[in-house]
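# Analysis of the macromolecular model
Here is what each chain is made of, one letter per residue.
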Amino acid sequence: MSPSTLRAVGLGLDLGGRGVLDGIDVTVRSGEPLAVSGPSGSGKTVLLLALAGLLPATRGAVLMDDEPIPTDDPTWRAAVGVILQNQGLVPELTAEENVALPLRERRLGLTELATRSSEALSAVGLATLGDRLAGEMSGGQRQRVGVARALAGGPHILMADEPTAELDPDNRSLILGLLLASSPPRIVVVASNDPEVTDACARVVHLRDGRLDDRR
């Protein structure tokens with residue numbers, strides 16, 4: 001699975017009886033990273049989760065190459081990497097175990113699990129911290145573990161929610177380079193208000209009160 005486009009068409013989503021997204025129309029192309037900016041509570045996180053197929057649309061649809069995304073297909077799940085704003089790590093597991101956790105669904109051998117996890121942690125500058133418990137790591141280190149976990153699976157589609165919020169300038173540049181790398185080509189959507197992130201993306205859309213109000 002190597003899609004060329006991911007598209008929201010009239011996307012609306014309600015949570016708890018409240019409309020969170022409404023009338024979202026946006027297309028993301030492989031190799032053209034999209035930044036989603038907007039104030040807190042505008043729906044950025046929900047939009048990323050909907051595009052990833054983790055939250056079902058209440059109205060409209062999310063299409064991959066003009067076909068509905070196959071959310072129940074293991075191939076789809078393996079193709080999508082998600083970087084959560086709060087990282088979603090298990091504090092009692094080591095960094096390496098956290099990175100390997102979603103890979104276990106693919107029934108990979110122990111050697112491949114260890115190799116992928118180690119390589120991903122090395123890529124984000126944490127090669128020597130694989131055996132450290134996530135609960136004992138700093139916020140910036142946990143954020144980089146979350147990035148490593150998403151990248152370890154070799155995703156064709158990547159959703160990143162505020163992936164640089166807790167990073168110092170050097171690590172921000174490192175992580176941004178990994179997320180927006182042109183090789184391998186992938187569909188990338190980043191929720192961020194960081195000017196360094198939005199300026200590095202091919203396109204920027206602004207979300208306010210669950211609706212897109214401008215774009216470039």
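This report concerns the structure included in the present document. (Residues numbered from 1 in each chain as written. Predicted model: local features only at pLDDT ≥ 70, side-chain atom pairs only at ≥ 80, totals over all residues. Heavy atoms only, no water.)

As a further point, take the nonpolar core. Among the nonpolar cores identified, the biggest contains 34 residues, and Val-145 and Leu-179 are the most heavily contacted of them. Examining the composition of this core, we find that six residues originate from one element, helix α5 (residues 139-152), more than from any other. Apart from the residues lying within four places of it in its own chain, the contact partners of Leu-179 are Ile-83, Val-147, Leu-158, Ala-160, Pro-163, Arg-186 and Val-188. (Core = buried A, V, L, I, M, F, W, Y, C linked by side-chain atoms within 4.5 Å. Buried < 20%, exposed > 50% of the residue type's maximum accessible area, 1.4 Å probe, protein only. Helix = DSSP H or I, 4+ residues; strand = E, 2+ residues; numbered from the N terminus. Contact = heavy atoms within 4.5 Å.)

With that settled, the discussion passes to the side chain of Thr-94. As for its placement among the helices and strands, Thr-94 is situated in the loop between β6 (80-83) and α3 (95-100). On the accessibility criterion, Thr-94 (15% relative accessible area) is buried.

Before going further, it helps to examine unusual backbone geometry. Despite not being glycine, Asp-65 shows a phi value in the positive range, around 50°. With respect to the helices and strands, Asp-65 occurs in the loop between β4 (59-64) and β5 (67-68). Residue Asp-65 is classed as partly exposed on the basis of its relative accessible area, which comes to 33%. Backbone geometry places Asp-209, a non-glycine residue, at a positive phi of 50°. Within the secondary structure layout, Asp-209 lies in the loop between β9 (203-208) and β10 (211-215).

Glancing now at the pairing of strand β8 (residues 187-191). Within β8, five of the five residues are buried, which leaves the element mostly enclosed by the surrounding structure. Residue alternation in β8 divides its side chains into two sets, Ile-187, Val-189 and Ala-191 and Val-188 and Val-190, and both sets are buried. Direction of pairing for strand β3 (residues 34-37) relative to β8: parallel, over a ladder of three bridges. Within the sheet, the bridge partner assigned to Leu-34 lies in β8 and is Val-189. In the classification by handedness, the crossover that spans strand β7 (residues 157-161), the intervening helix α6 (residues 169-179) and the parallel β8 is right-handed. (Pairing = 2+ DSSP bridges. Right-handed = clockwise from strand over helix to strand, strands pointing away.)

We now examine the sheet that holds β5. Taken in spatial order, the four strands make up an open sheet running β2-β1-β4-β5, and their pairing is antiparallel. What marks the edges here is a single partner per strand, and that holds for β2 (18-29) and β5. Against the sheet, helix α1 (residues 44-51) engages β1 (5-15), β2 and β4, with an angle of about 125° to β1. (Axes fitted to C-alpha atoms, helices over the stretch in contact; angles between N-to-C directions.)

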